[in-house]
Amino acid sequence: MVHVLSSRTLLRPTDPERSRVFYGEKLALPVYREFGTGDHRGVVYFLGGGFLEVAGRSDTPPSPALKLWLQVADVTAAHEELVAAGVEVRRPPVREPWGLIEMWIADPDGTEIVLVEIPADHPLRYRPGI
């Protein structure tokens, strides 16, 4: 069995500086570490229990199959903050049939990001008898 000590999602944007502004300033993700300089500068952001590394450059945007799922405490407050920061909201917060409250945005390369609030009464947070 592989014993995983840490993990992160690697993102190779078409415009690294534009993506660093998006994740570091607009989403205001806290920085875990930075490395390199100039065009080779990379930043690793905290994502709750994981990390997002924005480094390197790609000539093509990431696959549309790549999505980021970010749990937040209050998706309505996140919506207000992101709109104020100029982030385009693809879909405002909606309570889904499965009980989660979800809002969709995208990064500058079009990578879709879902911000999710898990309500206090949702089975992911509370299971009677357990």
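Residues numbered from 1 in each chain as written. Predicted model: local features only at pLDDT ≥ 70, side-chain atom pairs only at ≥ 80, totals over all residues. Heavy atoms only, no water.

- Labelled according to an unreviewed UniProt entry, the protein chain appears under the name VOC family protein, originating from Streptomyces heilongjiangensis.

### Here we look at the overall build of the protein chain
Link 1 in the chain: For the protein chain, the count of helices and strands is 2 helices and 8 strands.
Link 2 in the chain: Taken from N to C terminus, the helices and strands of the protein chain fall in the order β-α-β-β-β-β-α-β-β-β.
Link 3 in the chain: Out of the 130 residues in the protein chain, the part that is buried amounts to 35%.
Link 4 in the chain: Surface exposure of the protein chain reaches about 8100 Å², of which carbon and sulfur atoms provide 55%.
Link 5 in the chain: Here the protein chain holds 14 positive side-chain charges and 18 negative ones, and the gap between their average locations is 5 Å. (Helix = DSSP H or I, 4+ residues; strand = E, 2+ residues; numbered from the N terminus. Buried < 20%, exposed > 50% of the residue type's maximum accessible area, 1.4 Å probe, protein only. Areas by Shrake-Rupley, 256 points an atom, 1.4 Å probe, with all protein chains shown as cover. Lys, Arg positive; Asp, Glu negative; His and termini not counted. Charge placed at Lys NZ, Arg CZ, Asp CG, Glu CD.)

### Some points on the sheet that holds strand 5 (residues 67-71)
Link 1 in the chain: The 4 strands lie next to each other as 5-8-7-6, forming an open sheet whose pairing is mixed. Of all strands in the sheet, those with a lone pairing partner are strand 5 and strand 6 (89-95), marking the two edges. Put simply, the sheet's adjacent strands are angled 15 degrees from each other on average, direction ignored.
Link 2 in the chain: As paired strands, strand 5 and strand 8 (residues 112-117) are joined by 5 bridges and run parallel to one another. When the sheet's bridge partners are listed, Trp69 is paired in strand 8 with Val114. (Pairing = 2+ DSSP bridges. Axes fitted to C-alpha atoms, helices over the stretch in contact; angles between N-to-C directions.)

### Structural notes on the nonpolar core
Link 1 in the chain: Counting residues in hydrophobic clusters, the biggest one holds 21 residues, and the most contacted among them are Tyr23, Leu27, Ile105, Ile113 and Leu115.
Link 2 in the chain: When contributions to this core are tallied by element, the ones reaching two or more residues are helix 1 (16-26), strand 3 (42-47), strand 4 (50-54), strand 5, helix 2 (75-84), strand 7 (101-106) and strand 8.
Link 3 in the chain: Contacts of Ile105, omitting those with residues within four sequence positions, involve Phe22, Leu27, Leu82, Val87, Glu88, Val89, Arg90, Thr111, Glu112, Ile113 and Leu115. (Core = buried A, V, L, I, M, F, W, Y, C linked by side-chain atoms within 4.5 Å. Contact = heavy atoms within 4.5 Å.)

### Focus on helix 1
Link 1 in the chain: Turning to helix 1, its buried residues number three or more, namely Pro16, Ser19, Arg20, Phe22 and Tyr23. One side of helix 1 holds all its buried residues, which, seen down the axis, span an arc of 160 degrees.
Link 2 in the chain: Next to the buried residues of helix 1 lie strand 1 (9-11), strand 3, strand 4, strand 5, strand 7 and strand 8.
Link 3 in the chain: Just downstream of helix 1, Ala28 is the residue with a positive phi angle, here 55 degrees. (Arc of directions from axis to C-beta.)

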